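Each chain, letter by letter, is given below.
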Amino acid sequence: MKIDILAFGPHPDDVELLCGGTVAKLVKQGYKVGLVDMTRGELGTRGSAEERDMEAAEAARILGVTFRENIGLPDGGLNSRDYDQRHKVVEVIRKHAPKLVICPGAKDRHPDHKQGMELVEEAVFMANVGKYPSEFPRHKVDAVMKYPMWWDAQPDFVVDISDVWDTRMEAVRAYKTQFYTPGVTGPETFLAAPQFVEWMKGRYSHFGALIAVPYAEPWLIRTPVPVHDPFDVLVNGPGTANP
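Below: a short report on this structure. Just so it is clear, the model here is predicted, and its values are computed rather than measured. Going along each chain's sequence as written, the residues are numbered from 1 onward. Local features are withheld for residues below a pLDDT of 70 in this predicted model, meaning they are given only at 70 or higher, and side-chain atom pairs are given and counted only at 80 or more; totals for whole chains, interfaces and linings count all residues. Values shown for side chains rest on all heavy atoms present in the structure; no hydrogens or waters enter the calculation.

### Comments concerning the overall build of the protein
Point 1. Only DSSP runs of H or I reaching four residues or more are called helices, and only runs of E reaching two or more are called strands; each is numbered from the N terminus. A count of helices and strands for the protein gives 7 helices and 7 strands.
Point 2. When the helices and strands of the protein are placed in sequence order, the string is β-α-β-α-β-α-β-α-β-β-α-α-β-α.
Point 3. Dimensions of the protein, computed from the C-alpha atoms along their principal axes, are close to 55 × 50 × 30 Å.
Point 4. For the protein, with 243 residues in total, the buried portion stands at 50%. Exposure categories follow from relative accessible area, calculated using a 1.4 Å probe and restricted to protein chains: below 20% of the type maximum is buried, above 50% is exposed, and the middle band is partly exposed.

Written as C-alpha cells, this is what we have:
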C-alpha cells in the first residue's frame, strides 16, 4: 500500500505519547498515514505483548490511520548495526513508499529509542540505494521528521495540535495497562503514575505557549526547510514567529 506518511515507534505507544497529535492532525487533513511499531514491547513492566497488541490496534482506530503493523524486532535489543533488523526497516519503507517518514529523535536513556532512530535513518538511506537486494523497488523518502523523546528539546518547528488534543489523549488512554487507569493494577512505573497526564499537559502546553496556542508538539529535522514565501509562512500562517 502506497502511503503519504510512515511513522515509526520503537515500542507500541511511543507514537501516541510523543507525536500522536501531529499524526491525528495529518489524518484529519486527508493524508494517508501508516504506523510501524518496531517491537511488541514484550519487556514492558506492565501488560503483556498480547495486551499491548490489542491496545495498539485500538489506538490506531482512534487516530484514524490507514494501517498499523509491527515488524517484530526484539524489545530491548534494537541494534542499528544488525543487518537483518535494518533490512526489515528498509523493506517496510520500500513496500509503503512514503513521501515523509517520522521517527524518534533520541537523546534518551532507553537504548531502544536511540537505536530505533538510527535504524530508521539508515534504512531511509538504504531504501534509495539502487543495488540494495530487496523484493521491492528502490524508493527515495523526501523528508524525515523526528519527535524528541523525554528531554528538553529545542525544536526546529512545532505543530499546533490544539484541535486534536482530545483525540490524541484518547489514543494514549487506549493503553490501559501502561498508563494510570482506574481498576487496572500493576507495578508502579513513571508512566503509570496518576499525575502523568498532567505532566504531559504541561509539556505540550509549554510548546504551545511558544506559538501562542493551547498545545503543540515539537519536531526536529536535519536539513534546512526550503521556504518560497517567508511572508506567507510567518505572517499569514497560523500563529506568528514572535507571539
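### Considerations on the packing of aromatic side chains
Point 1. Only the six-membered ring of Trp is used, alongside the rings of Phe and Tyr, when aromatic pairs are assigned; centres must lie within 6.5 Å, and planes under 30 degrees apart are stacked while those over 60 apart are edge-to-face, with the rest tilted. In total, this model carries 8 aromatic pairs according to the counting rule given.
Point 2. With centroids separated by 6.3 Å and ring planes inclined at 35°, the aromatic side chains of Tyr 83 and Tyr 132 adopt a geometry described as tilted. Taken together, the residues Tyr 83 in helix α3 (residues 83-96) and Tyr 132 in the loop between α4 (111-126) and β5 (143-148) connect sequence positions 49 residues apart.
Point 3. Looking at Tyr 132, the relative accessible area reads 7%, which means it is buried.
Point 4. Note on Phe 179 and Phe 196: the rings are 5.8 Å apart at their centroids and 10° apart in plane angle, and the pair reads as stacked. Of this pair, Phe 179 sits in the loop between α5 (165-173) and α6 (196-209) while Phe 196 sits in helix α6, placing them 17 residues apart in sequence. Residue Phe 179 shares its accessibility class with Phe 196, and that shared class is buried.

### Some points on the pairing of strand β2 (residues 33-37)
Point 1. The element β2 is extensively covered by neighbouring structure, given that 5 of its 5 residues are classed as buried.
Point 2. Because side chains alternate across β2, one face comprises the buried residues Val 33, Leu 35 and Asp 37, and the other comprises Gly 34 and Val 36, equally buried.
Point 3. Here, the term right-handed applies to a crossover whose path from the first strand over the helix to the second runs clockwise when the strands point away from the viewer. Crossover connection from strand β1 (residues 5-9) via helix α1 (residues 14-28) to parallel β2: handedness right-handed.
Point 4. Relative to strand β3 (residues 67-70), β2 is paired through 4 bridges, and the arrangement is parallel. Paired with Asp 37 across the two strands is Asn 70, which belongs to β3. Here the rule is simple: two strands pair whenever DSSP picks up at least two bridges between them.

### Notes on the environment of Val 197
Point 1. Note on placement: Val 197 falls in helix α6.
Point 2. C-alpha separation for the pair Val 197 and Met 169, spaced 28 residues apart in sequence, amounts to 8.6 Å.

### A look at the pairing of β1
Point 1. Of all 5 residues that make up β1, 5 are buried, and the element is covered over most of its length.
Point 2. What you see with β1 is no split at all: Ile 5, Ala 7 and Gly 9 on one side and Leu 6 and Phe 8 on the other are buried throughout.
Point 3. Bridge analysis of β1 against strand β4 (residues 100-105) gives 3 bridges, and the strand direction is parallel. Looking across to β4, one finds that Ala 7 is bridged to Ile 102.

### A word on the layout of surface pockets
Point 1. Put simply, the grid is 1 Å and covers the protein atoms alone, a cavity is a trapped set of points that fit a 1.4 Å probe, a pocket is an open set with protein on both sides within 12 Å along at least five of seven lines, and lining residues have an atom within 4 Å of a point. Grid points are joined across faces, edges and corners, and a volume is the space filled by probe spheres set on the points. In this structure, the largest pocket encloses a volume near 1,600 Å³.
Point 2. Lining the largest pocket are 42 residues, and of these Met 145, Phe 157, Val 159, Ile 221 and Val 225 sit closest to its centre.
Point 3. When residues of the lining of the largest pocket are traced back to their parent elements, those giving at least two are α1, α4, β5, β6 (157-160) and α7 (230-236).
Point 4. When its residues are assigned to classes, the lining of the largest pocket shows 25 nonpolar, 7 polar and 10 charged.
Point 5. There is about 680 Å³ of room inside the second largest pocket.
Point 6. What lines the second largest pocket is a set of 21 residues, among which Arg 109, His 110, His 113, Phe 190 and Leu 191 lie closest to the centre.
Point 7. When residue character is reported, Ala, Val, Leu, Ile, Met, Phe, Trp, Tyr, Cys and Pro are called nonpolar, Asp, Glu, Lys and Arg charged, and the others, Gly included, polar. Class assignment for the residues of the lining of the second largest pocket results in 5 nonpolar, 9 polar and 7 charged.

### Quick notes on the sheet that holds β3
Within a sheet, adjacent strands bond to each other through the backbone by hydrogen bonds, running parallel or antiparallel.
Point 1. What the 5 strands build is an open sheet, ordered β3-β2-β1-β4-β5; its pairing is parallel. In this open sheet, the two edge strands, each paired with only one partner strand, are β3 and β5. The average undirected angle you get between the axes of adjacent strands in this sheet is 20°.
Point 2. Here α1 sits on the sheet and contacts β1, β2, β3, β4 and β5; the angle it forms with β5, its principal contact strand, is near 135°.
Point 3. Any two residues having at least one pair of non-hydrogen atoms within 4.5 Å are treated as being in contact. Axis definition: a line fitted to C-alpha atoms, over the contacting stretch in the case of helices. Angles run 0 to 180 degrees between N-to-C directions. Contacts from α4 reach β1, β4 and β5 within the one sheet, and its direction differs from that of β4 by about 150°.

### Re α1
Point 1. Given a rise of 1.5 Å per residue, 15 residues ought to cover 21 Å, and the 20 Å separating the end C-alpha atoms of α1 matches this to within 8%.
Point 2. The term bend refers to the angle at a residue between two fitted axes, each drawn through seven residues, those ending there and those starting there. A bend of about 80° at Gly 20 is the largest found in α1.
Point 3. Counting buried residues along α1, 14 of its 15 residues qualify, which places the element largely inside the surrounding structure. The length a helix should cover is 1.5 Å for every residue beyond the first.

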